[in-house]
Amino acid sequence: MAAEKQFENEIKKFLSELPKTWFYKNWSGPYSKSGIPDIIACVNGKFVAIEVKASNGKPSELQKRNIRLIQEGNGLGYILYPKDFEQFKKDIREILRRVNL
């Protein structure tokens, strides 16, 4: 779990340095809804959901379903592994370059 937390902190640091970006870390507990992505963000008006996984992590079927539903709703949904972080950062920077109409 330590590797996942460290990676999550890298993601939050990246997001916190961006303009036009708001995010929060979803905390799971006994009274929260299961399968909600770890980080929920709005980047230049675009909904972004991130399920953080360490290199050896495996998403649950519910997590995969929720990410798919977010994508089908025209949001950006990621099951994000460290190996994909550079591409994720490129994707997010591209959202920031777009002009909202």
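Residues numbered from 1 in each chain as written. Predicted model: local features only at pLDDT ≥ 70, side-chain atom pairs only at ≥ 80, totals over all residues. Heavy atoms only, no water.

A. How the structure looks around the environment of Tyr78. By the secondary structure assignment, Tyr78 is in strand E4 (residues 76-80). With 14 residues separating them along the chain, Tyr78 and Lys64 place their C-alpha atoms 9.2 Å apart. Excluding its chain neighbours within four sequence positions, the residues that come into contact with Tyr78 are Val48, Ala49, Ile50, Glu51, Ile67, Phe88 and Asp91. Looking at Tyr78, its side chain comes within polar contact range of the side chain of Asp91, at 2.9 Å. (Helix = DSSP H or I, 4+ residues; strand = E, 2+ residues; numbered from the N terminus. Contact = heavy atoms within 4.5 Å. Polar contact = N/O pair within 3.5 Å; in protein donor to acceptor, adjacent residues only side chain to side chain.)

B. Geometry of the nonpolar core. If you look at the biggest cluster of nonpolar residues, it comprises 18 residues, and the most contacted ones within it are Ile11, Ile50, Leu80, Phe88 and Ile92. When contributions to this core are tallied by element, the ones reaching two or more residues are helix H1 (2-16), strand E2 (39-43), strand E3 (46-52), E4 and helix H3 (85-97). In contact with Ile11, not counting residues within four places along its chain, are Ile39, Ile50, Val52, Leu80, Phe85 and Phe88. (Core = buried A, V, L, I, M, F, W, Y, C linked by side-chain atoms within 4.5 Å. Buried < 20%, exposed > 50% of the residue type's maximum accessible area, 1.4 Å probe, protein only.)

C. Local environment of the packing of aromatic side chains. Applying the stated rule across the entire model yields 6 aromatic pairs. Between Trp22 and Tyr24, the aromatic rings sit 5.5 Å apart at their centres with planes inclined by 45°, giving tilted as the arrangement. Take Tyr24: its relative accessible area is 34%, and that puts it in the partly exposed class. With a centroid separation of 4.9 Å and 90° between ring planes, the pair formed by Tyr78 and Phe88 is classed as edge-to-face. Of this pair, Tyr78 sits in strand E4 while Phe88 sits in helix H3, placing them 10 residues apart in sequence. For Phe88, a relative accessible area of 1% corresponds to the buried category. (Phe/Tyr/Trp six-rings, centres within 6.5 Å; stacked < 30°, edge-to-face > 60°.)

D. Region of the structure containing the pairing of E3. With 5 of its 7 residues buried, E3 lies for the most part within the structure. Pairing between E2 and E3: 5 bridges, direction antiparallel. Bridging across to E3, Val43 finds its partner in Lys46. Where E3 lies against E4, 5 bridges are found, and the strand directions are parallel. Pairing of Ala49 across the sheet is with Gly77, part of E4. You can see the chain leave E3, run along helix H2 (residues 61-72) and come back into E4, and the turn it takes is right-handed. (Pairing = 2+ DSSP bridges. Right-handed = clockwise from strand over helix to strand, strands pointing away.)

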